[in-house]
Amino acid sequence: MKTIGIDMGGVIKVDSGEEEIPGSLDALRLLKKSYQIFIFTTHPDIARSWLERHAPDLLDLEITNIKHPATAYIDDLGIRFTSWEDILKLLLKLRSRHV
């Protein structure tokens, strides 16, 4: 079975709140039928607690602070690599913004 890594904050739930990102929990339920899924976060205990309150049926998913090898990663802060020239241009633009 192929593996997908999914970021918690900004993808499954709002970064600094309790709200679910619309459709995220239903998407996880659908994806776990065909993929091995792990949730990656810098705060696994907080993520597990959030899932206990919002989606206890998804507690069988691994929640970790390690990005395991995967077919794909879903992350709100990811940058798709095309070339180093493109990456450097994008990072220069982002430097003046949030993050």
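Below or above, wherever it landed, is the structure these notes cover.

Observations concerning the environment of Gly23
And then number 1: Along the chain, Gly23 falls in the loop between β1 (3–7) and α1 (24–31).
And then number 2: Looking at Gly23, the relative accessible area reads 40%, which means it is partly exposed.
And then number 3: Here the alpha-carbon distance between Gly23 and Val11, two residues 12 residues apart in the chain, equals 9.9 Å.

Observations concerning the pattern of salt bridges
Side chains that differ in charge, positive against negative, can pair when their charged atoms come close.
And then number 1: Tallying each qualifying case throughout the model produces six salt bridges.
And then number 2: For Lys67, the salt bridge is made with Asp75, and the minimal N-O distance between the two is 3.8 Å.
And then number 3: Given a relative accessible area of 47%, Lys67 falls into the partly exposed group.
And then number 4: What emerges from the salt-bridge pattern is a single network uniting Asp26, Arg29 and Asp57.

Points about the pairing of β1
And then number 1: Across the five residues that make up β1, a large majority, five, are buried.
And then number 2: What you see with β1 is no split at all: Thr3, Gly5 and Asp7 on one side and Ile4 and Ile6 on the other are buried throughout.
And then number 3: Across five bridges, the pairing between β1 and strand β2 (residues 36–40) is parallel. Bridge pairing in β2 links Gly5 to Phe38.
And then number 4: Taken together, β1, α1 and β2 form a β-α-β motif whose crossover is right-handed.
And then number 5: Of the strand pairs in this sheet, β1 and strand β4 (residues 72–74) are connected by three bridges, and their pairing is parallel. Bridge pairing in β4 places Ile4 opposite Ala72.

Regarding the nonpolar core
And then number 1: In this structure, Ile12, Leu25 and Leu51 are the most contacted members of the largest nonpolar core, which totals 16 residues.
And then number 2: Mapped by element, the contributors of at least two residues to this core are β1, α1, β2 and α2 (44–54).
And then number 3: Ignoring any residue separated from it by four or fewer positions in sequence, one finds Leu51 in contact with Met8, Leu25, Ile39, Pro56, Leu58, Leu59 and Ile63.

Parameters at a glance
The residue count restarts for each chain, going from 1 along the sequence in the order it is written. Side-chain atom pairs in this predicted model are given and counted only at pLDDT of 80 or more, local residue features only at pLDDT of at least 70, and totals for whole chains, interfaces and linings cover all residues. Excluding hydrogens and water, the side-chain figures rest on all heavy atoms present in the structure. Helix and strand labels come from DSSP, where a helix needs a run of H or I of at least four residues and a strand needs a run of E of at least two; each type is numbered from the N terminus. The cut-offs for exposure are 20% and 50% of the maximum accessible area for each residue type, with area from a 1.4 Å probe on protein chains only; residues under the lower value are buried, those over the upper are exposed, and the others partly exposed. The salt bridge definition used is simple: a Lys or Arg side-chain nitrogen within 4 Å of an Asp or Glu carboxyl oxygen. Whether two strands pair depends on DSSP finding at least two bridges between them. The definition of a right-handed crossover adopted here requires that, viewed with the strands pointing away, the path from the first strand over the helix to the second runs clockwise. Only buried residues count toward a nonpolar core. Its members are Ala, Val, Leu, Ile, Met, Phe, Trp, Tyr and Cys residues joined through side-chain atoms within 4.5 Å. The contact criterion used throughout is that any non-hydrogen atoms of two residues lie within 4.5 Å.

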